[in-house]
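Listed below, chain by chain, are the residues.
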Amino acid sequence: GGFEVEQYNLWGLAHNARLKAVQSLKSTSGEYTYTMPELFGEEFDAFATASFLRREEPAFTREEFGGGAGVSRRFRKISTDLSLRYNYQVLNASRRNVPPEDGLGKANVGSFILDARHDRRDNPLTPRSGYKVFTSLEVASELLLGDVDFQRIETSASYHFDLTEIQWIHLGLSHGLVITPGSPAENLPVNKRFYPGGDSSIRGFQYGEATPRDQFGNLVGAETYTLATVEFEQGLTRAWSLVVFADTLGMARRIDHYPFDEWLYTVGGGIRWKTIIGPVRLEYGHNLNPREGDPSGTVHFSIGFPF
C-alpha cells in the first residue's frame, strides 16, 4: 500500500512536484520529483529527484538513498523521450549469502544516467499493437564524486500484434550487462548486479530468485542477462482474457562469460482483467529446468502489463 501526491503550477510558474511512498511486507520506498517545464526552451524540462529504498532481497537486504538533477526532452513527432541526469547514491547491501568477490556491500556512487524511450504502442496500459524500445546507460566514476567505476547498460523491447479481433501475440526481449575496469570486488556494488525473476521477468520465480548461484547454492546476482518472452492472449469478454506464455532467461555470473553460460525456462498461463489502471493478472509459471533450491513454479498476482 502507499500514496502519491502531486502539486501543479507551484509558485505560479507551472512547476510540478510529485511525492510517492510505498510500504509492502518486504520493502519501504519513497520518491520525490520536482519538475520545471520548458526551463531551457520549449521542449526541454529540468528536474530534481530524491529517493529512498529498503528491501529484503532473497540474498541480502538492499538499502539505497540519494538524488540528482537533470534535463529531459520529448520528441513528439517520433514518440521519443530522452533524459540525462547526474545521480548520487549511497548503497548498502548486507553480506548475508553474498560472497565478497561478487561486489561491494557498501559504496557511494556518482554517475551520469542517460535514458531513451521510443513508444509506438496503441495503448501504454493494455497494448494490442505497436512496439516500444527502452535503453538506460549508467556511467559511474570516482571523478563524479563516487568511489566506484562501472558502466551499466539495460535495454528492452516489446512488440504486439493481433491475430484476430480477440487474439493477440506479445513478444518481449530485454538485455543487461555491467562492466568494471577492475574486479567486481573493487568497483561493482552488489546492488548494481542483476537479479531477474518476478511477475515482470521470468515468472517461474519470485522477484530476484532467478539469478546465478555460487558453489554453496547462494543467490549472487548476474553481471549479464538476456530475457525473451512470448505470450498468446485469448479474449473472453471485453474485460477478461486468458494468456499462455513462455519465458527464457540466459545469464552469467561473470561478464567474461558474456552473453550467458546458464539457461532457465518457464512456461505458464493465467487470467487477466482489464481495468482503468492496467490489467489485473493472476498467473502461474512452471519451471522446466529448476536447479537445486529453485521452486517448481510460482503464482503471481499483480497489476500492470508485464513488459
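Above: the structure in question.
Anyway, here's the lowdown on the structure attached to this text. (Residues numbered from 1 in each chain as written. Predicted model: local features only at pLDDT ≥ 70, side-chain atom pairs only at ≥ 80, totals over all residues. Heavy atoms only, no water.)

## Details of the overall build of the chain
Alright, step 1. On a plain count of helices and strands, the chain comes out with one helix and 15 strands.
Alright, step 2. When its C-alpha atoms are laid out on the principal axes, the chain stretches across 55 × 50 × 35 Å.
Alright, step 3. Out of the 307 residues belonging to the chain, those deemed buried represent 43%.
Alright, step 4. In the chain, the proportion of contacts linking residues at least 24 apart, taken out of those at least 6 apart, comes to 53%.
Alright, step 5. A total of about 15600 Å² of accessible surface is found on the chain, and carbon and sulfur atoms cover 60% of it. (Helix = DSSP H or I, 4+ residues; strand = E, 2+ residues; numbered from the N terminus. Buried < 20%, exposed > 50% of the residue type's maximum accessible area, 1.4 Å probe, protein only. Contact = heavy atoms within 4.5 Å. Areas by Shrake-Rupley, 256 points an atom, 1.4 Å probe, with all protein chains shown as cover.)

## Concerning the pairing of strand β2 (residues 15-23)
Alright, step 1. As paired elements, strand β1 (residues 2-10) and β2 share seven bridges and run antiparallel to each other. Along β2, the bridge assignment pairs Gln7 with Ala17.
Alright, step 2. Count of turn residues in the β1/β2 antiparallel hairpin: four residues, of which Trp11 carries a positive phi of about 60°.
Alright, step 3. Note that β2 and strand β3 (residues 27-36) share eight bridges and pair antiparallel. The residue of β3 that forms the bridge with Lys20 is Glu31.
Alright, step 4. With antiparallel pairing between neighbouring strands as the criterion, β2 and β3 make up a hairpin whose turn holds three residues. (Pairing = 2+ DSSP bridges.)

## Observations regarding the layout of surface pockets
Alright, step 1. Of the voids in this model, the second largest pocket is the one considered here, and its volume is about 170 Å³.
Alright, step 2. Forming the walls of the second largest pocket are 15 residues, and the residues nearest its centre are Arg128, Glu233, Arg238, Ser241 and Lys274.
Alright, step 3. Per-class residue counts for the lining of the second largest pocket are six nonpolar, four polar and five charged. (1 Å grid on protein atoms, 1.4 Å probe; cavity = no way out; pocket = protein on both sides within 12 Å on 5 of 7 lines; lining within 4 Å. Points joined across faces, edges and corners; volume = space filled by probe spheres on them. Nonpolar A, V, L, I, M, F, W, Y, C, P; charged D, E, K, R; others polar.)

## Digging into the side chain of Ser174
Alright, step 1. Looking at the secondary structure, you find Ser174 in strand β10 (residues 167-179).
Alright, step 2. When near neighbours in sequence (up to four residues on either side) are disregarded, Ser174 contacts Thr155, Ser156, Tyr225, Thr226 and Leu227.

## Digging into a nonpolar patch on the surface
Alright, step 1. Together, Leu236, Trp240, Leu242, Ile271, Trp273, Leu282, Tyr284, Val299 and Phe301 make up a nonpolar patch on the protein surface, roughly 880 Å² of accessible area in all.
Alright, step 2. Among the secondary structure elements, those contributing two or more residues to the nonpolar patch are β12 (240-252), β13 (262-275), β14 (278-287) and β15 (297-303).
Alright, step 3. The topology assignment puts Phe301 in strand β15.
Alright, step 4. For Phe301, a relative accessible area of 64% gives the class exposed. (Patch = residues over 30% accessible without salt bridge, like charges linked within 9 Å, V, L, I, M, F, W, Y side chains within 5 Å. Salt bridge = Lys/Arg side-chain N within 4 Å of Asp/Glu carboxyl O.)

## Looking at the pattern of salt bridges
It is possible for side chains of opposite charge to pair when their charged atoms get near one another.
Alright, step 1. Evaluation of the coordinates by the stated rule reveals 29 salt bridges.
Alright, step 2. Here Asp115 makes a salt bridge to Arg85, at a shortest N to O gap of 3.0 Å. Taken together, the positions of Asp115 in strand β7 (residues 106-119) and Arg85 in strand β6 (residues 80-93) put the pair 30 residues apart, joining distant regions of the chain.
Alright, step 3. Overlapping salt bridges, with partners in common, bring together Asp199, Arg203, Glu231, Asp247, Arg272, Arg281 and Glu283 in one network.

## As for the pairing of β12
Alright, step 1. Bridge count between strand β11 (residues 224-235) and β12: 12 bridges; the pairing is antiparallel. Bridge assignment links Tyr225 to a residue of β12, and that residue is Met251.
Alright, step 2. Here β11 folds back onto β12 in antiparallel fashion, the turn holding four residues.
Alright, step 3. For β12 and β13, the ladder comprises 12 bridges, and the chain directions are antiparallel. Within β13, the position partnered with Val243 by the bridge is Gly270.

## Re the nonpolar core
Alright, step 1. Ile202, Leu249 and Leu264 are the most contacted members of the largest nonpolar core, which has 18 residues in total.
Alright, step 2. Each residue touching Ile202, except ones within four places of it in the same chain, is listed here: Gly197, Ala210, Leu227, Asp247, Leu249, Leu264, Tyr265 and Thr266.
Alright, step 3. Core analysis: the next-biggest nonpolar cluster, separate from the first, contains six residues, Ala59, Ala93, Val190 and Leu219 among them. (Core = buried A, V, L, I, M, F, W, Y, C linked by side-chain atoms within 4.5 Å.)

## Digging into unusual backbone geometry
Alright, step 1. Note the cis peptide between Tyr258 and Pro259, where omega equals 5°.
Alright, step 2. Topologically, Pro259 is positioned in the loop between β12 and β13.
Alright, step 3. Phi angles above zero are rare outside glycine, and Ala14 is one such case at about 70°.
Alright, step 4. Note on placement: Ala14 falls in the loop between β1 and β2.
Alright, step 5. What makes Ala14 partly exposed here is its relative accessible area of 41%.
Alright, step 6. Even without a glycine there, the phi angle at Ser79 is positive, about 50°.
Alright, step 7. Along the polypeptide, Ser79 turns up in the loop between β5 (61-75) and β6.

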